[in-house]
Amino acid sequence: MEKLKQRIMDESSVLSNDVLRMDAIINHQVDPALTMEMGHEFAKRYAEDGITKVVTVESSGIPAAFTTAYVLGVPLVFARRKKTLIADPDVYCERVPSFTKGMVTDIMISKQFLSADDRILFIDDIIANGDAARGLIRIIERSGATLAGMGIVVEKAFQAGGRLLREQGIRVESLVQIASLDNGEITFQ
């Protein structure tokens, strides 16, 4: 998506050779019009795949996942990172490290929201090493649902996450692939 690339160039900042801050675009502030375009693009790419649910991990993946689910006309389910007092105790749970948060967290989805009849589209904002993605994929597998594929807003292609998932035979569609952040410059693939 050329519009997304331009917004990344104009409104993000390179913090290191591994970290790109995109708070003004997808991680803190959300542009509804741009996010709707993302949802339409993911829905177009997976229109023929019989998707029954869209899943993501809270919280930055929710806007793009919501718009995709809306366009496809299916429910959105997001994996929670924190248990609440009213949370369903019957959950699928996985421990996952977070590259950007620098810590390990649990991600959970209530068992009532995934079934063996589901064809899942997993949408996320960024993929770096793919740890959270692998955790959510394990949850999907344990539920018996079928993972139809993944939609990633921004793939840091210089990190292994997207490549490793593709090597496992998972369809990964990225709206933008970043080849490098070296020397403070964003280079797209």
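For the structure, see preceding data.
Described below are features of the structure shown in this document. Just so we're clear, the structure is a prediction, and the values are computed from it rather than from any experiment.

1. Some words on the overall build of the protein chain
Phase 1 of the analysis: In terms of regular secondary structure, the protein chain is built from 6 helices and 10 strands.
Phase 2 of the analysis: For 189 residues, the compact-globule formula gives about 16 Å, and the C-alpha radius of gyration of the protein chain, at 16 Å, lands near that figure.
Phase 3 of the analysis: Once the C-alpha set of the protein chain is aligned to its principal axes, its extents read approximately 45 × 35 × 35 Å.
Phase 4 of the analysis: Residues classed as buried in the protein chain amount to 46% of the 189 residues present.
Phase 5 of the analysis: Restricting the contact set of the protein chain to residue pairs at least 6 apart, pairs at least 24 apart contribute 63%.

2. Details of the packing of aromatic side chains
Phase 1 of the analysis: Under the criterion given, the structure shown has 0 aromatic pairs.
Phase 2 of the analysis: Positioned over the ring face of Tyr 92 is Lys 111, at 5.2 Å from the centre of the ring.
Phase 3 of the analysis: If you follow Arg 171 out to its NZ or CZ, it ends over the ring of Tyr 46, 4.0 Å from the centre.

3. Examining the packing of helix H1 (residues 2–11) against helix H3 (residues 32–45)
Phase 1 of the analysis: Where H1 contacts H3, the axes come no closer than 10 Å and their chain directions differ by 140 degrees. Viewed along their axes, H1 and H3 adopt a mutual orientation that is oblique. When you trace H1 past H3, the crossing you get is left-handed. Across the interface between the two elements, Lys 3, Leu 4 and Arg 7 of H1 pack against Leu 34, Glu 37 and Met 38 of H3.

Calculation notes
- Residues numbered from 1 in each chain as written.
- Predicted model: local features only at pLDDT ≥ 70, side-chain atom pairs only at ≥ 80, totals over all residues.
- Heavy atoms only, no water.
- Helix = DSSP H or I, 4+ residues; strand = E, 2+ residues; numbered from the N terminus.
- Rg over C-alpha atoms; globule rule 2.2 N^0.38 Å.
- Buried < 20%, exposed > 50% of the residue type's maximum accessible area, 1.4 Å probe, protein only.
- Contact = heavy atoms within 4.5 Å.
- Phe/Tyr/Trp six-rings, centres within 6.5 Å; stacked < 30°, edge-to-face > 60°.
- Lys NZ or Arg CZ within 6 Å of the ring centre and 35° of its normal.
- Axes fitted to C-alpha atoms, helices over the stretch in contact; angles between N-to-C directions.
- Parallel < 35°, antiparallel > 145°, perpendicular 65-115°, else oblique.
- Left-handed = near helix turned anticlockwise from the far one by under 90°.

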